[in-house]
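Survey of secondary and tertiary structure
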Amino acid sequence: MNESEDIDEIRRRKAIELVSSLKGGDKTEEEYAKELDEIKDILPWSFRLNVSTGVTEICHHPQMRQSQDQADVVALAMDPEWADMITDMLNRAFVIHESGMNVADIAGDRDV
């Protein structure tokens, strides 16, 4: 196994952990928000409010370092809750893709 394959395997394992953590339906909103804060620097999607225009910007972080990189604005929204929902869905899709899981794995029809 070369270094690139090692990194891919580490990402895949971490993504599987994240999928399992996001699946838990018995978490409170506060617990979910705390977990999301802990992993936000590895997720590529976020949103922010542009105070000069009042528009919510949906952003993609090409380096997946939300706290450090310059984000690309890919969409605008008037409702911050809608932007939150969209970025959550995009981040979940990213994590599932990185994990290599499929719908049957996520639904619990097969062991991961």
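Residues numbered from 1 in each chain as written. Predicted model: local features only at pLDDT ≥ 70, side-chain atom pairs only at ≥ 80, totals over all residues. Heavy atoms only, no water.

A short note on the pattern of salt bridges
As a reminder of what qualifies: By convention in these notes, a salt bridge is any Lys or Arg side-chain nitrogen within 4 Å of a carboxyl oxygen on Asp or Glu. Helical segments are the DSSP runs of H or I of at least four residues, strand segments are the runs of E of at least two, and each set is numbered from the N terminus.
Tallied over the entire structure, the rule returns two salt bridges. As a salt-bridge pair, E57 and R48 come within 2.6 Å of each other at their nearest N and O atoms. A salt bridge links D88 to R92, with the nearest nitrogen and oxygen atoms 3.0 Å apart. In this pair, D88 and R92 are both assigned in helix 3 (residues 80–99), four residues apart and thus about one turn of the helix distant.

Brief notes about the confidence of the model for the chain
Formally: Here pLDDT means the predictor's own confidence in every residue, given as a number from 0 to 100.
Taken as a whole, the chain shows an average pLDDT of 78; of its residues, 77% reach a score of 70 or greater. Averaged pLDDT values over the elements of the chain bottom out at 71 in helix 4 (residues 103–107) and peak at 93 in strand 2 (residues 55–60).

Thoughts on a negative patch on the surface
Keep this limit in mind: Patch membership needs two things, relative accessible area over 30% and no salt bridge, and members are linked within 9 Å if like-charged or within 5 Å if nonpolar (Val, Leu, Ile, Met, Phe, Trp, Tyr). Per-residue accessibility takes into account occlusion by the displayed protein chains alone, with areas from the Shrake-Rupley method and a 1.4 Å probe. Neither His nor the chain ends contribute to the count of charged residues, in which Lys and Arg are positive and Asp and Glu negative. Where a charge sits is defined by one atom per residue type, namely NZ (Lys), CZ (Arg), CG (Asp) or CD (Glu).
Together, D26, E29, E30, E31, D79, E81 and D84 line one region of the surface with negative charge. Taken together, the elements giving at least two residues each to the negative patch come down to helix 2 (29–39) and helix 3. Per-element accounting of the negative patch gives the leading share, three residues, to helix 2. Looking at the secondary structure, you find E31 in helix 2.

Here's the deal with the pairing of strand 1 (residues 45–50)
Worth spelling out the cut-off: When DSSP locates at least two bridges between a pair of strands, those strands are taken to pair.
When strand 1 meets strand 2, the two strands line up antiparallel, connected through six bridges. Each bridged residue has a counterpart across the sheet, and for F47 the counterpart in strand 2 is I58. Counting the residues in the hairpin turn of strand 1 and strand 2 gives four residues, including G54, whose phi is positive at 80°.

Examining the nonpolar core
Note the threshold: Only buried residues count toward a nonpolar core, which is a set of Ala, Val, Leu, Ile, Met, Phe, Trp, Tyr and Cys residues joined through side-chain atoms within 4.5 Å. Three labels apply to residues, based on accessible area from a 1.4 Å probe with only protein chains included: buried if under 20% of the type maximum, exposed if over 50%, partly exposed otherwise in between. Throughout, a residue-residue contact means that at least one pair of heavy atoms, one from each residue, lies within 4.5 Å.
Residues A15, I16, L18, V19, I39, L43, V95 and M101 constitute the largest nonpolar core, which totals eight residues. Among the elements that line this core, the one with the most residues is helix 1 (residues 3–23), at four residues. V95 has contacts with A15, L18, V19 and L43, leaving out every residue within four places of it along the chain. Counting five residues, the second-largest nonpolar core is a separate cluster that includes W45, I58, A77 and A83.

What to know about the sheet that holds strand 1
Note the following rule: To get an axis, a line is fitted to the C-alpha atoms, and for a helix only the part in contact is used. The angle between two axes follows their N-to-C directions and goes from 0 to 180 degrees.
Taken in spatial order, the three strands make up an open sheet running 1-2-3, and their pairing is antiparallel. Because the sheet does not close on itself, it has two edges, and the strands there are strand 1 and strand 3 (72–77). The average undirected angle you get between the axes of adjacent strands in this sheet is 30°. Strand direction decides the pairing type here: strand 2 and strand 3, joined by five bridges, are antiparallel. The partner of T56 across the bridge, within strand 3, is A77.

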